[in-house]
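Summary of structural features
Listed below are the residues making up each chain.
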Amino acid sequence: MSRKDSGSALVMAVFVLALITSMGMALVFMSTTEVRSSKADSLSKHTYYLAEAGMEAGRATLLILTGTGGFTDDLTTYAGGDGVLDFDPGSLQVTRDVLGNVTGLSGYDDDVPLIPPTPFADGWYAAFMTNDAVNGTSPNDTNDRVVITGVGLGADNALEIVQAVVIRDVMIPPAAITLLGPTPSFIGGASNPKQYIGEDCNGAPEGVPNLYAPTVGLSDSTAEALAEAGVGADTSYSSGPIVGDQAFADLTDPSEPTYHGPLQSVWSSCEELKHRIEMIRLGADLVCTDGTNCTFPAATPDRIVFVDDDYSLNADGAGLLIVTGTLTSNGANDWDGMIWVIGTGVYLRNGAGNGATSGSLVVADIAGPDGIYGNSDDCSTGFGSASFNENGGGNGDTMYCTDDIFNSTPAFPYEIVEFRQM
């Protein structure tokens, strides 16, 4: 090989080496960049999940604090001393010690955190409660809607914020006696005077003034006519100034004198009602699958007893009682709260006595064609024929009372209706 050729080979070798070195450096740079990008993305996601955890923890905490009550008291508490909900997520600042560790948050004026900064999963979360856009900075809640802001704090000054609008979701029966379905059977007592009262708490101080609920509420006008045909000769139906069969109502008709707002979807959807009933089962204080051996716990206004069978009620009580079979009630029993006969939908009150039900009674057949609640044909044909029969003696009363209703209403997780990441 000539000296000239040897020199050319050396130049080529140096060029190739330089090219390989450049490529290697580029690959190292790309790899480092991808690692950093992946780490940043992972940190951002981790902090976002911390913010979501804060929002969910705030939602659960609010449910424990408020239950089925309104939000105004809580909003007033978290508004702080000035009574104004002026929390601004954009003003939040993370405070840290000299080592860079998170010590808390600042920048939320005198508002009080629903959940203060709390260590969790290699980071921190917090939650704040404010009113929705309709009510603004006022702590007065007029629509059962509030905003929960979740804040996530991660390493390297990572900060993520999410917000959710949540609503208070409670099941409030619309009548003293609610019979669901197209072909109800209603037999009012005739042997002795009975009183069916729709005026809230019979006008007592704990009731809502001028709230006149139906004494018997039905799913449509045809069902209303069927129920009115069962009015007993010696019974009294009244809702304030509204008396007689005028106190019966098609719950979907705004022209009814006792109409007081759109019917909740849970009372018109068989599937939704069953879903709610099964949710209540999960949180009941007692679940009985044998109605002949069912010993209730001590009566309290918020007690929930679920009887997945036929049952004979022979004692006074309070709270929410759900029976999926036939419920036979002694005429002498007093009950403060709600009784829901939702399953096969048969309620029979018999025997002498002057027992009073204060709250609300709901009867609905959702058991499907086979008449057995709890299997696959439930709600397959919608609501069946609910049956209410008060054939016993005595002067028993059935009265709509929101005080007893709210005391016995189960609280469901607050539903998220809007969500955003900031």
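Residues numbered from 1 in each chain as written. Predicted model: local features only at pLDDT ≥ 70, side-chain atom pairs only at ≥ 80, totals over all residues. Heavy atoms only, no water.

1. Some points on the overall build of the protein chain
The number of helices and strands found in the protein chain is 5 helices and 24 strands. When the 422 residues of the protein chain are sorted by exposure, 46% land in the buried category. Partitioning the contacts of the protein chain with sequence separation of at least 6, the portion at a separation of at least 24 is 58%. Split by element, the accessible area of the protein chain, about 19300 Å² in all, is 55% carbon and sulfur. (Helix = DSSP H or I, 4+ residues; strand = E, 2+ residues; numbered from the N terminus. Buried < 20%, exposed > 50% of the residue type's maximum accessible area, 1.4 Å probe, protein only. Contact = heavy atoms within 4.5 Å. Areas by Shrake-Rupley, 256 points an atom, 1.4 Å probe, with all protein chains shown as cover.)

2. Things to note about the state of the cysteines
Tallied over the entire structure, the rule returns 3 disulfides. Linked covalently through their sulfurs, cysteine 288 and cysteine 294 form a disulfide whose S-S length is 2.0 Å. Between cysteine 288 and cysteine 294, the S-S dihedral sits near 80°, and the bridge is therefore right-handed. When sorted by exposure, cysteine 288 lands in the same class as cysteine 294, which is buried. Indicated for the protein chain is the disulfide connectivity 1-6, 2-5, 3-4, based on numbering the bonded cysteines in sequence order. (Disulfide = S-S within 2.5 Å.)

3. Some words on the pattern of salt bridges
Within this structure, the stated rule accounts for 9 salt bridges. Residues arginine 145 and aspartate 132 are paired through a salt bridge, measuring 3.9 Å at the closest nitrogen-oxygen approach. Here arginine 145 is found in strand S5 (residues 145–153), whereas its partner aspartate 132 is found in the loop between strand S4 (123–131) and S5, with 13 residues between them in sequence. Residue class for arginine 145 comes out partly exposed when judged on its relative accessible area of 24%. The class of aspartate 132 is buried, set by a relative accessible area of 5%. In this structure, the salt-bridge partner of glutamate 278 is arginine 281, at a minimum N-O distance of 2.8 Å. Of this pair, glutamate 278 and arginine 281 both sit in helix H4 (residues 270–283), 3 residues apart, roughly one helical turn. Take glutamate 278: its relative accessible area is 25%, and that puts it in the partly exposed class. (Salt bridge = Lys/Arg side-chain N within 4 Å of Asp/Glu carboxyl O.)

4. Brief notes about H4
Helix length check: H4, at 14 residues, gives a terminal C-alpha distance of 21 Å against a target of 20 Å (1.5 Å per residue), a fit within 8%. Along H4, the residues that are buried comprise Cys270, Leu273, Arg276, Ile277 and Ile280. The arc that holds the buried residues of H4, viewed along the axis, is 125°, so those residues lie on one side. The inward-facing, buried residues of H4 contact strand S15 (304–307), strand S17 (317–323), strand S19 (335–343) and strand S21 (356–365). (Expected span 1.5 Å × (residues − 1). Arc of directions from axis to C-beta.)

5. Observations concerning the sheet that holds strand S8 (residues 185–187)
A sheet is described by the order of its strands in space; here 5 strands give the open sequence S8-S22-S20-S18-S16, paired in parallel fashion. Of all strands in the sheet, those with a lone pairing partner are S8 and strand S16 (311–313), marking the two edges. Neighbour-to-neighbour, the strand axes of the sheet open up by a mean angle of 10°, direction not taken into account. In this sheet, strand S22 (residues 387–390) lies alongside strand S20 (residues 346–350) in parallel orientation, the contact comprising 4 bridges. Paired with leucine 348 across the two strands is asparagine 389, which belongs to S22. (Pairing = 2+ DSSP bridges. Axes fitted to C-alpha atoms, helices over the stretch in contact; angles between N-to-C directions.)

6. Remarks on the confidence of the model for the protein chain
Counting all residues, the mean pLDDT for the protein chain is 88, and 89% of those residues have values of 70 or more. The least confident element of the protein chain, judged by mean pLDDT, is helix H1 (residues 3–66) at 72; the most confident is strand S7 (residues 177–179) at 98. (pLDDT = per-residue confidence, 0-100.)

7. Digging into the pairing of S21
In terms of burial, S21 is a largely internal element, 9 of the 10 residues being buried. Pairing of S7 with S21, which is carried by 3 bridges, proceeds in the parallel orientation. Residue pairing in the sheet places leucine 179 in a bridge with valine 363 of S21. In the sheet, S21 pairs with strand S23 (residues 397–400) via 4 bridges, with the strands oriented parallel. What sits directly across from serine 358, in S23, is methionine 399.

8. Examining the sheet that holds S5
Strand order in the open sheet made by the 5 strands is S3-S4-S5-S6-S24, with antiparallel pairing throughout. One side of each edge strand has no neighbouring strand; the edge strands of this open sheet are strand S3 (115–120) and strand S24 (415–421). With direction set aside, neighbouring strand axes in the sheet form an average angle of 20°. As judged from the 8 bridges shared by S4 and S5, these two strands associate in the antiparallel manner. By the bridge assignment for S5, tyrosine 125 is matched with glycine 152.

9. Remarks on the environment of isoleucine 304
You can see isoleucine 304 is positioned in strand S15. When the C-alpha positions of isoleucine 304 and leucine 286 are compared, they lie 6.8 Å apart, and in sequence the two are 18 residues distant. Non-local contacts of isoleucine 304, meaning those with residues more than four positions away in its chain, are made with Ile280, Gly283, Ala284, Asp285, Leu286, Leu320 and Pro410.

10. Considering helix H3 (residues 221–228)
Buried within H3 are the following residues: Ala223, Glu224 and Ala227. Projection of H3 onto a plane perpendicular to its axis shows the buried side chains occupying an angular sector of 105°, all on one side. Its buried side turned inward, H3 meets S8, strand S10 (216–218) and strand S13 (248–250).

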